[in-house]
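# A closer look at the structure
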Amino acid sequence: MPQNSSVRVQLNRLSVEEQHAVAAPRNASIPFNRPSLVGRELNNIVEAIERGQLSGDGHFTAECNAIIARLAGSASALLTHSGTAALEMAAILCDLKPGDEVILPSFTFVSTANAVVLRGATPVFVDIDPATLNLNPARVAEAVTPRTRAIFAVHYAGFPADMDALADIASPRDLLLVEDAAQALGSTYKGRPAGSLGDMGAFSFHETKNILSGEGGALTLNTSDLVDRARIIREKGTNRSQFIDGLVDKYTWVDLGSSYLPGELIAAFLHGQLEQVGEITRRRRRLFDRYLEGLAILPARHGIGLPRWSPAVRGNGHMFYLLLRSAAQRSAFIAAMREEGIGTPFHYVPLHSSPGGQRFGRSAGAMEHTDRTAERLVRLPMFFDLEDEIERVLDTCLRVVTRLDRSGAAC
Ligand SMILES: Cc1ncc(COP(=O)(O)O)c(C=O)c1O
């Protein structure tokens, strides 16, 4: 019997629980992120192989597209191989060209800006609102010029940006509004799902996200006129999707494009996760609430900030962060937590002050909240299976903060 068949037979004999035990080694330290199997991921991979198609746009890709479109309340969703790829597709769909400007927060991942730069356009960085860590619409309005073509709004920590205020800026000027919803699957704004709030939305399924496939992403499209072109862009600029649908008898190069389509093994794994999105989101929200409750004394007693969000939004439990009092206190905190075996990484280096940001973009206005936030923020461990370990994180965190304050460490 060939080896792959024997692996398949062995896998198929294991229950879902047994597969998870095989795939999830434990150790004493608590990392920032630990990916878990949550459902039928491994069985799906075997099924994809048995179906005989490993390239993209097969059975599991179609199933994932449908689930994501439903979750995001979007007309259409297309699986991509990363959130970065979804953002690059969005930038092509915006028809960005040299001389055009796109407004986005400086406090974001590099991919939000790179997508713009790859089109030859200029990212224009603006400051965040310290109450939400998302784009401040007042700063966005001030940054608009005759060259502005689009606004890329990031939903930081899974809390959607103020999309109505941003739409009020975008609509009268015919600017496209793109959601960088990499962290926000399952979040809502005024009851509407992230991914349905702009013209397009980019999701990530990187292993640190709520729903994961190692690397992975999706682009949601909220106006039907974008869908056909998006499918062409994702398939190297060819009309292969129309060929597969039987609409043309051969396929050919028709537009700009690249290879943004993941293979079926990724889609099969992702499908196992997407089927459990309700349980995953519930668990993460519970963990988020436990952090909030367990650390409630930090602001008054230690001057440390906890996540804040607008009452108009509901998060998805993606991330729990602390805002320490200073950069020095943050370094001491991360080092002390590391000594206790707990991973608490910081997050973005502001793009406006990065070498790439200075070379390719420009800032509009002061960046005081971006700078102040970026130097003080740490993220606490957050993953599906954290339930058994969260009390240790909480205890350690409180102990470390108290010890740092007593020792007068760098405040
Ligand atoms: C805000 C934001 N945008 C884009 C990305 C890129 O997603 P991916 O890693 O799937 O390419 C990330 C990933 O962490 C992100 O946090």
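Not measured: the values here are computed from a predicted model.

### Here's the deal with the site of the ligand
Taken together, 16 residues sit near the ligand, with G83, T84, D180, S204 and K209 positioned nearest. In the model, an oxygen atom of the ligand is placed 2.7 Å from a nitrogen or oxygen of the K209 side chain. Between an oxygen atom of the ligand and a side-chain N or O atom of Y348, the distance comes to 3.3 Å. Within the complex, the protein chains bury 92% of what would otherwise be the 390 Å² of accessible surface of the ligand. Spatially, the ligand is embedded in the largest pocket. A total of three residues in the shell around the ligand trace back to one element, the largest contributor, which is helix 5 (residues 83-93). Taken together, the residues that form the shell around the ligand break down as five nonpolar, nine polar and two charged.

### Notes on a nonpolar patch on the surface
Together, I49, L54 and L265 line one region of the surface with nonpolar side chains, adding up to about 250 Å² of accessible area. With respect to the helices and strands, the residue I49 is situated in helix 3 (residues 41-51). Looking at I49, the relative accessible area reads 47%, which means it is partly exposed.

### Observations regarding the side chain of S187
Along the polypeptide, S187 turns up in the loop between strand 7 (176-180) and strand 8 (188-189). In this structure the side chain of S187 is engaged in a polar contact, spanning 2.5 Å, whose partner is the backbone oxygen of G158. If we skip the residues at most four places from it in the chain, S187 touches G158, P160, R192, P193, A194, R314, G315 and N316.

### Thoughts on the layout of surface pockets
Here the largest pocket defines a volume of roughly 470 Å³. Every residue lining the largest pocket is counted, 29 residues in all, and those nearest its centre are F109, S204, H206, T208 and K209. Of all the elements in the fold, those that place two or more residues in the lining of the largest pocket are helix 5, helix 6 (110-117) and strand 10 (200-204). Top element by residues in the lining of the largest pocket is helix 5. It accounts for three residues. Here the lining of the largest pocket spans two domains, since at least three of its residues come from each of domain 1 (41-274) and domain 2 (277-406).

### Details of helix 8 (residues 163-170)
Taken residue by residue, helix 8 has M163, L166, I169 and A170 as its buried positions. Along the long axis of helix 8, the arc covered by the buried residues comes to 115 degrees, so they all point the same way. Contacts made by the buried residues of helix 8 are with strand 5 (134-135), helix 7 (137-143), strand 6 (148-154), strand 7 and strand 8.

### Examining unusual backbone geometry
Backbone geometry at L133 places phi at a positive 60 degrees, although glycine is not the residue there. By secondary structure assignment, the location of L133 is in the loop between strand 4 (128-129) and strand 5. Under the relative-accessibility criterion, L133 is labelled buried at 2%.

### Topic: helix 17 (residues 390-406)
Its 17 residues give helix 17 an end-to-end C-alpha distance of 24 Å, which sits within 8% of 24 Å, the value for a rise of 1.5 Å per residue. Three or more residues of helix 17 are buried, namely I390, V393, L394, T396, C397, V400, V401 and L404. Where the residues of helix 17 are buried, they touch helix 12 (277-294), helix 13 (298-302), strand 13 (321-323) and helix 14 (327-339). Positive backbone phi, approximately 65 degrees, marks G408, located one or two places after helix 17.

### Points about the domain arrangement of the protein chain
On domain assignment, one finds that the protein chain holds domain 1 (41-274) and domain 2 (277-406). On the domain 2 side, the residues contacting the 41 residues of domain 1 number 36 residues. Summing the contributions of domain 1 and of domain 2, the shared interface buries around 3,400 Å²; its carbon and sulfur component is 61%. Of all residues in domain 1, the largest losses of buried area upon contact with domain 2 belong to F125, F159 and N210, amounting jointly to 20% of the total for that side. Across the contact surface, domain 1 and domain 2 share one salt bridge. Note that E101 and R362 form a salt bridge whose closest N and O atoms lie 3.1 Å from each other.

Cut-offs and rules
Residues numbered from 1 in each chain as written. Predicted model: local features only at pLDDT ≥ 70, side-chain atom pairs only at ≥ 80, totals over all residues. Heavy atoms only, no water. Near = heavy atom within 4 Å. Polar contact = N/O pair within 3.5 Å; in protein donor to acceptor, adjacent residues only side chain to side chain. Areas by Shrake-Rupley, 256 points an atom, 1.4 Å probe, with all protein chains shown as cover. 1 Å grid on protein atoms, 1.4 Å probe; cavity = no way out; pocket = protein on both sides within 12 Å on 5 of 7 lines; lining within 4 Å. Sits in = over half its atoms within 2 Å of the grid points. Helix = DSSP H or I, 4+ residues; strand = E, 2+ residues; numbered from the N terminus. Nonpolar A, V, L, I, M, F, W, Y, C, P; charged D, E, K, R; others polar. Patch = residues over 30% accessible without salt bridge, like charges linked within 9 Å, V, L, I, M, F, W, Y side chains within 5 Å. Salt bridge = Lys/Arg side-chain N within 4 Å of Asp/Glu carboxyl O. Buried < 20%, exposed > 50% of the residue type's maximum accessible area, 1.4 Å probe, protein only. Contact = heavy atoms within 4.5 Å. Points joined across faces, edges and corners; volume = space filled by probe spheres on them. Domains from an automatic or database assignment. Arc of directions from axis to C-beta. Expected span 1.5 Å × (residues − 1). Buried area = accessible area lost by both parts, 1.4 Å probe.

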